[in-house]
Amino acid sequence: MSRPLSDQERRKQISIRGIVGAESVAELKRGFNRHLHFTLVKDRNVATPRDYYFALAHTVRDHLVGRWIRTQQYYYEKDPKRIYYLSLEFYMGRTLQNTMINLGLQNACDEAVYQLGLDMEELEEIEEDAGLGNGGLGRLAACFLDSMATLGLAAYGYGIRYEYGIFNQKIRDGWQVEEADDWLRHGNPWEKARPEYMLPVHFYGRVEHSASGAKWIDTQVVLALPYDTPVPGYMNNTVNTMRLWSARAPNDFNLRDFNVGDYIQAVLDRNLAENISRVLYPNDNFFEGKELRLKQEYFVVAATLQDIIRRFKASKFGSTDSVRTVFDSFPDQVAIQLNDTHPAMAIPELMRIFVDIEKLPWDKAWDITKRTFAYTNHTVLPEALERWPVDLVEKLLPRHLQIIYEINQRHLDHIASLFPNDVGRLRRMSLIEEGDTKRINMAHLCIVGSHAVNGVAKIHSEIVKSQVFEDFAELEPEKFQNKTNGITPQLIAEKIGEDYVRDLSQLTKLHKFVDDDLFIREVAKVKQENKVKFALYLEKEYKVKINPSSMFDVHVKRIHEYKRQLMNCLHIITMYNRIRRDPAKLFVPRTVIIGGKAAPGYHMAKMIIKLINAVAQVVNNDPVVGSKLKVIFLENYRVSLAEKVIPATDLSEQISTAGTEASGTGNMKFMLNGALTIGTMDGANVEMAEEAGEENLFIFGMRVEDVTELDRKGYNAQLYYDRLPELKQAVDQIKSGFFSPDDPNLFNDVVLGFHPSIHPSIHPSIHPSIHPSPGLGPRCTWMMLLRHGFWPLSR
């Protein structure tokens, strides 16, 4: 934790932010004391810091509730078109500070907490992260909810209230160890259970066909209990809702199948139903075909669609007499966005409701369904695309399999009419993949069942159209769009006002200050203060003293081979060897900070973490290197830690192999917080370069077309190993056990992994300090970093 501010510094901060009314401060103090007494049943003699956090959270929530209720009343009265964002992940992080900022309460809360003799930073640190996501996909969902509330859109987020979020990462002897994230153990002051809206979700059973249609019977029922969390917009009084479902067993679950003597076991078996919302699957960019995961995916869409239809029928548009007439307006009032393929079962589920329950004709139901859904694709990696085994779907959701087969048959009949005798095209475009195990291609289902398909960055969307789903894009080119990922800005700009929060294009107003030395010094001062603060945090948490004047070179994201943390590690080793070779040579001090979690079953990613920590052990304890180079691996990287490291970063590493990163959102956050970017032309880096000017980023490496051509010709890692002596030295050191003297063979798998058939860590787009690119280096005058020898290794 950083040092507490002096009275003078605190008063100065408050005066900069704005005047705080004594009345509002007094009201907050009264609310705080009231909640400490009546909600937590404590007084100041026995209250703990956690009690104080909860008292403050409840006090801030009091200021949300009126706005929340009024927002929902307004939506009911005006009945606007509603947006429903379906996602299996919402990586929300902490709520307290975000809420205080959005409600305009932060200054008053700071003052009230100070007058109560408490430390605001200490209270904020007590809040558990709501880590209900793995990485970018889940964080994007959280940012979307923030942004839609700020724009005043009638939007709802729907997902699962996992009891255990993304695992807590511990680093022990350099290895990643996973611990359960029991984020709810102390309770969650921001959510409100809504048992009155609990809904049944069905699994298993069989399908009975009759003259009146299909009926899904003999099912096992699980109840979906909703928990609502308010999502406030920025300074606009709008408060939207994120509704997360928790699985509950019905009272008679399994009891009918047991005699009296088995009553206890029957009650214990209720866990089988409630396991559905127990834990977030921790794999990122990997598909793992587990029955529990499919249950989670259907659970959230089945409950959500019932909720959506209930709300629609309660509106003026859903109140006509004829069912067929009622649903004519459904797509005009309801927009459902599928965040990747995880909620894809919503398509056959809505068809089941329309055809089996509401008795709509198939063609009408299909037209309404397609006009309602839109699909966001998040990956082009084949191993990440969901393909569910047909026999598993048949067992768990028998009626849905029949509906998917019907959708596929009609889809293929249409293709055959347009492309007669093109069997290859039919096979490529089918929703059902033949093979040893028949599988349903969920991305194909999403494309066929949606009116719009988007990638999440310009280059990603082009790859989606030209490579991954080329046949579909040829068939319906107008369906494919691009929506470059966005992020929620949380900054205050004294120079240009706060309207840029709703319209980031207004940041161009900063152009006139680019040569303003006073402004540049102010920006540099803020950056340096953030670096000092983060250095103190690192010293406290990691027992490593960091030079806050060194360049903070940061690479934080999920650990994955395509994100190339291993290439960064080779760069660290190269810098280390250069310092060792010529200690007297000028070298700008650098602190390399890497953080991220590896999926528990991802062996190579875990080995990369171990290697980084092994290299850090050597580098940080070498007296020849001293303070010139330090390496830190951030344990348990998460949203609340990102909020500390991103504002302190000088150099942001965005170095994925071109064509593999869908978009990235961290890259934008770093840039908006004044960090320079070194990266490949991948994901949203492309748009960042277009907006900021390519000369203002360190762009290196191959483009997508170059990578594709190299893959076609064949790639020989040995050529680069033989040609680049520094690279050869780094690889040889890893292989020889230089960084693992107790076990020289420890990193054999990593060295073998350098072979291109396993992963592209050594690649022609190798880090430019090892293999310099011509013309490297931005004209980053406003950050003054080049004036201090920012990029010495590429000279």
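See the structure printed just above.
Below is a short write-up of the structure. (Residues numbered from 1 in each chain as written. Predicted model: local features only at pLDDT ≥ 70, side-chain atom pairs only at ≥ 80, totals over all residues. Heavy atoms only, no water.)

1. Focus: the sheet that holds strand 20 (residues 551–556)
Strands sit in the order 22-21-20-23-24-25 across an open sheet of six strands; the sheet is parallel. Strands with a single pairing partner mark the edges of an open sheet, and in this sheet they are strand 22 (629–634) and strand 25 (698–699). The pairing of strand 21 (residues 590–595) with strand 22 spans six bridges and is classified as parallel. Along strand 22, the bridge assignment pairs Arg-590 with Leu-629. Seen against the sheet, helix 21 (residues 517–542) touches strand 20, strand 21 and strand 22 and runs at an angle of roughly 70 degrees to strand 22. Its contacts with the sheet place helix 22 (residues 565–581) against strand 20, strand 21, strand 22 and strand 23 (651–654), and it is angled at close to 155 degrees to strand 21. (Pairing = 2+ DSSP bridges. Helix = DSSP H or I, 4+ residues; strand = E, 2+ residues; numbered from the N terminus. Contact = heavy atoms within 4.5 Å. Axes fitted to C-alpha atoms, helices over the stretch in contact; angles between N-to-C directions.)

2. Details of helix 16 (residues 398–418)
With 21 residues, helix 16 should reach 30 Å at 1.5 Å per residue; the first-to-last C-alpha distance of 31 Å fits that figure. Of all the positions in helix 16, only Pro-398, Arg-399, His-400, Leu-401, Ile-403, Ile-404, Ile-407, Asn-408, His-411, Leu-412 and Ile-415 are classed as buried. (Expected span 1.5 Å × (residues − 1). Buried < 20%, exposed > 50% of the residue type's maximum accessible area, 1.4 Å probe, protein only.)

3. Considering the pairing of strand 14 (residues 373–376)
Look at any regular strand and the pattern is simple: side chains alternate between the two faces of the sheet. Because side chains alternate across strand 14, one face comprises the buried residues Phe-373 and Tyr-375, and the other comprises Ala-374 and Thr-376, equally buried. Where strand 13 (residues 334–339) meets strand 14, four bridges bridge the pair, whose relative direction is parallel. Counterpart to Gln-337 in the pairing with strand 14 is Ala-374. Pairing of strand 14 with strand 18 (residues 452–455), which is carried by three bridges, proceeds in the parallel orientation. In the sheet register, Thr-376 faces strand 18, and the bridge partner there is Asn-454.

4. Quick word on the packing of aromatic side chains
Evaluated as defined, the whole model comprises 20 aromatic pairs. Here the aromatic rings of Phe-327 and Phe-330 are separated by 5.9 Å at their centres, their planes lie at 55 degrees, and the arrangement is tilted. Given the relative accessible area of 1%, Phe-327 is considered buried. Put simply, the rings of Tyr-84, Tyr-156, Tyr-158 and Trp-245 touch in pairs and so form one group of aromatic residues. The ring of Tyr-227 carries the charged tip of Arg-161 above its face, separated from the ring centre by 3.7 Å. For Arg-311, the ring lying beneath its charged end belongs to Tyr-156, and the centroid distance is 4.4 Å. (Phe/Tyr/Trp six-rings, centres within 6.5 Å; stacked < 30°, edge-to-face > 60°. Lys NZ or Arg CZ within 6 Å of the ring centre and 35° of its normal.)

5. Describing helix 29 (residues 725–736)
Over its 12 residues, helix 29 extends 16 Å from the first C-alpha to the last, a length consistent with the 16 Å expected when each residue adds 1.5 Å. Along helix 29, the residues that are buried comprise Glu-726, Leu-727, Ala-730, Val-731, Gln-733 and Ile-734. Down the axis of helix 29, the sector holding all buried residues measures 155 degrees, keeping them to one side. Residues of helix 29 that are exposed and angled more than 90 degrees away from the buried face: Pro-725 and Lys-735. Contact partners of the buried residues in helix 29: helix 22, helix 23 (603–620), helix 28 (717–723) and helix 30 (748–753). (Arc of directions from axis to C-beta.)

6. Some thoughts on the sheet that holds strand 17 (residues 439–441)
Sheet architecture is open: three strands sit in the order 15-17-16, paired in antiparallel fashion. Each edge of the open sheet carries a strand with a single partner, namely strand 15 (387–389) and strand 16 (432–433). Alignment of strand 16 against strand 17, held across two bridges, turns out to be antiparallel. Its bridge partner lying in strand 17, Ile-432 is registered against Ile-440.

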